[in-house]
Every structure is written in C-alpha cells, then in structure tokens.
Amino acid sequence: MERKKMTVLTFQAKKERGEPITMLTAYDYPTALALEEAGIDAILVGDSLGMVVLGYETTLPVTMDDMIRHSQAVRRGAKTPLLIGDMPFLAYQADVAEAVRNAGRFLKEGGMDAVKLEGGREVVATVRAIADAGIPVMGHIGLTPQSIHKLGGFRTQGKTAAAARRLIEDAHALEEAGCFSIVLESVPEPVARLISQRLHIPTIGIGAGPGCDGQVLVTHDLLGLFDRFTPRFVKRYAELHAEMKRAFHAYIADVAAGTFPGPENSTPMGEAEWTALLAELEAAPANGRGPAALDVAESQVVGRRSNI
Ligand code: KIV
C-alpha cells in the first residue's frame, strides 16, 4: 500500500493516537532511500553530519551550505517521511532576520518540510519569527551539542530538581512560541516522560527513555558506522564499520592476487571488430603517425612487454 506523505499534522495525530513516532538521521541519497523503503516517519538531516560524516570533533564547524547540499541529497531519496533540516551553529543565534532567511533556505533550496534548532527560552523569539514565516520548527532541549563548550561536555541535562524545572519551563515556552515538536536529548527518563505528558505537541527522545512520543537516533550510531564513540543510550542494530573493513580487505586481496576483475566483470569485444581495429591501427595509427612510426612504437611496446 502506498504511504501518504507525513506532515506536521500526521505527526500530531500520531501523538494523539498514542502511536510512537519513528525518526532517524540521514545525510545522503542511499540512506534516505533505505529509510523511505523501511517506512520511517521522519528523517532529520542532523548537524551530527559534522561528526559522523565530515569527521569534525564537534558539530560547530558545520555550515549552512553543508546542510543544504546534504538536505538536497536526502530529499531525492525520501518522498514520504517528514523531512527536517537541522539549523547549524550560528545560522540562527546572532540575528532573528538571518535565522528566518536561513530557515527558508532549507525549504526553498534543500527541499525540507521543517527545520530544527537548539535551545530553550533564549530562542523563543527566533522560533516565533520562523514559525510566523510559515516554516514548521522543531525545538531541541536537554543536551544541545552546539552548546558543548558551555555545557562542559556531552553530559545528561536536567538531573537536579532546579535544572529539570528549567527544562519543563523551556519546553512550555517552545510550544507556546509555535514549535510543532521538541527533541529531548539526554535527559532523565521521568523528566522526559513528564514533559511529554504536559505538552500538546509530540516530544522526540534521544537518550530520554520510552516516555517520549517518538524516538530518534543518529543512524551512523545505530548502524555501527561511527567508530569514535557510541553514547550509552544507543542500541546498535548492525556493525557496518567492521563489515565495510571486511569488504575492503577482500577487494584489496582480490586486486593484489589478480582475481578481480574477472571475466564476469569485463566487457568482451566481437572478434571481427577487434580484428578490424588492429588492421586500421596498422594502416593509420590513432596518434596520427604513419605506419613506419607505428612500427617503432610497436617495437617499443613489444620491447616493454618482453621486459615484463
Ligand atoms: O544533529 C542531530 O543528529 C541531532 C539529533 C541527535 C537529534 O540533533
């Protein structure tokens, strides 16, 4: 059965029906296509791109142009899921008008349906301006990787009563400002559950327990493709880094042994065409030199061959 395109309305309807929302990240066409075919609800073109694809230590160096290029690739592979483009560091923090323009680029150039940005009360005016421009906004609170230096590392947030209260207030402020959904990253399970119960809009958890309305993971973590570290909250469903290495070793060994390419990987040529080509080259070499020159060149080739 053909699936209907996911929208912010179907997202909301899933929460109301109590059906968990599924979301994963993608940064390229083949992953987006596989997610489309697997039936995922939403794809986040996350700025985790910076770490798991571009090899940076943090997400901070990722640019708007990086995000747009990868959003376009994901859009080509995925038609049905809700597509969310992640606003990178400094695309929205400095100026509200610039934030609206950058959010708009995700829809106009990247083919996304919505954007996500990090932060609580401090981004409320920005969220409101983007939403007022007709662009659906997903919030992101708890562990916000763009503030890694302020937070002092990738650590769980909202562990004290005071910190949890601030998170709850932030979640309400974002809903009030017009977010259609909020990511809760690395917060204690009871706090995430409480926020999910109190909000009308769906929460999407990552390291926030099963009480959220949906779940997201970084696809490279889930597939075992990112070898640097795996957060405790990740469940690995495959070991693709090891599998890639196995395939690369096998290829290198085949080429070294001369067993690849085999006849099944090569294109043969009809005997008549091959004979005609040799005859033509004999009469008028392709390099424009005459038959005498060809003789010399041929003798060099033969000489080189005989050296092998
Ligand atoms: O960039 C990203 O992949 C994210 C998810 C971890 C939610 O923000």
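**Looking at the packing of helix α8 (residues 161-177) against helix α9 (residues 189-198)**
Next, step 1: Where α8 contacts α9, the axes come no closer than 10 Å and their chain directions differ by 30°. As far as their axial angle goes, α9 and α8 are roughly parallel. Where α8 crosses over α9, the two elements pack in a sense that is right-handed. Contact with α8, carried on its side by A164, L167, I168, A171 and H172, involves V191, L194, I195 and R198 of α9 and no other residues of that element.
Next, step 2: Across the contact of α8 with α9, the residue classes tally to 7 nonpolar, 1 polar and 1 charged.

**Some thoughts on unusual backbone geometry**
Next, step 1: Backbone torsion omega between F260 and P261 reads -5°, so that peptide bond is classified as cis.
Next, step 2: Examined against the element boundaries, P261 turns out to sit in the loop between α11 (240-257) and α12 (271-283).
Next, step 3: You will see that L90, though not glycine, has its phi angle at about 75°, which is positive.
Next, step 4: Relative accessible area serves as the criterion here: at 51%, L90 is assigned to the exposed category.
Next, step 5: Positive phi, close to 50°, is recorded for S186, a residue that is not glycine.
Next, step 6: For S186, the location among the structural elements is in the loop between β6 (181-185) and α9.

Rules behind the numbers
Residues numbered from 1 in each chain as written. Predicted model: local features only at pLDDT ≥ 70, side-chain atom pairs only at ≥ 80, totals over all residues. Heavy atoms only, no water. Axes fitted to C-alpha atoms, helices over the stretch in contact; angles between N-to-C directions. Helix = DSSP H or I, 4+ residues; strand = E, 2+ residues; numbered from the N terminus. Parallel < 35°, antiparallel > 145°, perpendicular 65-115°, else oblique. Left-handed = near helix turned anticlockwise from the far one by under 90°. Contact = heavy atoms within 4.5 Å. Nonpolar A, V, L, I, M, F, W, Y, C, P; charged D, E, K, R; others polar. Buried < 20%, exposed > 50% of the residue type's maximum accessible area, 1.4 Å probe, protein only.

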